[in-house]
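Secondary and tertiary structure notes
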Amino acid sequence: MISNSLKLGILLAGLLVGLMWTTTTHAQTFPIKASVDKDLLPIGELVTLTVEVTGPPGLPAPSLPNLNGLLLIDRSVSSSISIVDGRSTAKVTHRYILQPTRIGELRIDSLRVTIDGRPFATPPIDVEVTDGTIP
């Protein structure tokens, strides 16, 4: 018969291993994220594409894909570095101000970055541009 304290110890060890695996897997799986501030807009209005890249210091900039009907108006970059338990992690945020050049469904292709020799990409992002105002 197993004592209650041994059962509790096994349960806690299992939870700790599971938590460490989940944290490590999540951090390694999603080093690049992209989003837009709106996915429905009238022609002439601007949309902001935000791309966040996380990893070791010295991260490369993501390659800007075909913008398919969107014109790059401006760009900016901000960065931060955090040190936790002696491990440095950088987060670089790229913001692209885009203006639609036509009406319809526009697609921003995948943004790509290579970190430590491994390629990563975002899913494409769709933006709908209308010829009038949005209710």
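As a reminder, the structure under discussion sits directly above these lines.
Let us look at the structure shown here. (Residues numbered from 1 in each chain as written. Predicted model: local features only at pLDDT ≥ 70, side-chain atom pairs only at ≥ 80, totals over all residues. Heavy atoms only, no water.)

Re the overall build of the protein chain
Worth spelling out the cut-off: Going along the chain from the N terminus, every DSSP run of H or I of four or more residues is numbered as a helix, and every run of E of two or more is numbered as a strand. Categorising residues by exposure relies on relative accessible area from a 1.4 Å probe, with only protein chains included: less than 20% of the type maximum marks a residue as buried, more than 50% marks it as exposed, and the intermediate range marks it as partly exposed. We call two residues contacting when some pair of their heavy atoms lies within 4.5 Å. Using a 1.4 Å probe, accessible areas were evaluated by the Shrake-Rupley method; residue-level cover was limited to the displayed protein chains.
Each helix and strand counted, the protein chain has one helix and nine strands in total. For the protein chain, the succession of helices and strands along the chain, N to C, is α-β-β-β-β-β-β-β-β-β. With 135 residues in all, the protein chain has 27% of them scored as buried. Sequence separation of at least 24 residues holds for 65% of the intrachain contacts in the protein chain that already meet a minimum separation of 6. When the accessible surface of the protein chain is summed, it comes to about 8800 Å², and 59% of that surface belongs to carbon and sulfur atoms.

What about the sheet that holds strand β6 (residues 104-108)?
Rules: One requirement defines pairing of two strands: DSSP has to find at least two bridges between them. For helices, the axis comes from a line fit to the C-alpha atoms of the stretch in contact; other axes are also lines fit to C-alpha atoms, and the angle between any two N-to-C directions lies between 0 and 180 degrees.
The strand order across the open sheet built from three strands is β2-β9-β6, with neighbouring strands paired in mixed fashion. Edge positions in the open sheet fall to β2 (40-42) and β6, since each of these has one partner strand only. The mean inter-strand angle of the sheet, taken between neighbouring strand axes irrespective of direction, is 30°. The sheet contact formed by β2 and strand β9 (residues 125-130) spans three bridges and is parallel. For leucine 41, the partnering residue across the bridge sits in β9 and is valine 129.

With respect to the nonpolar core
Applicable threshold: By nonpolar core we mean a set of buried residues, namely Ala, Val, Leu, Ile, Met, Phe, Trp, Tyr and Cys, connected to one another through side-chain atoms within 4.5 Å.
If you look at the biggest cluster of nonpolar residues, it comprises 22 residues, and the most contacted ones within it are Ile32, Leu49, Val51, Val53, Leu70, Leu98 and Ile108. Going through the elements one at a time, β3 (47-55), β5 (87-100), β6, β7 (112-115) and β9 are the ones with two or more residues in this core.

Thoughts on unusual backbone geometry
Of note, the phi angle at asparagine 68 is positive, near 45°, even though the residue is not glycine. As for its position among the elements, asparagine 68 is in the loop between β3 and β4 (70-84). Even without a glycine there, the phi angle at aspartate 85 is positive, about 55°. Structurally, aspartate 85 can be placed in the loop between β4 and β5. The class of aspartate 85 is exposed, set by a relative accessible area of 79%.

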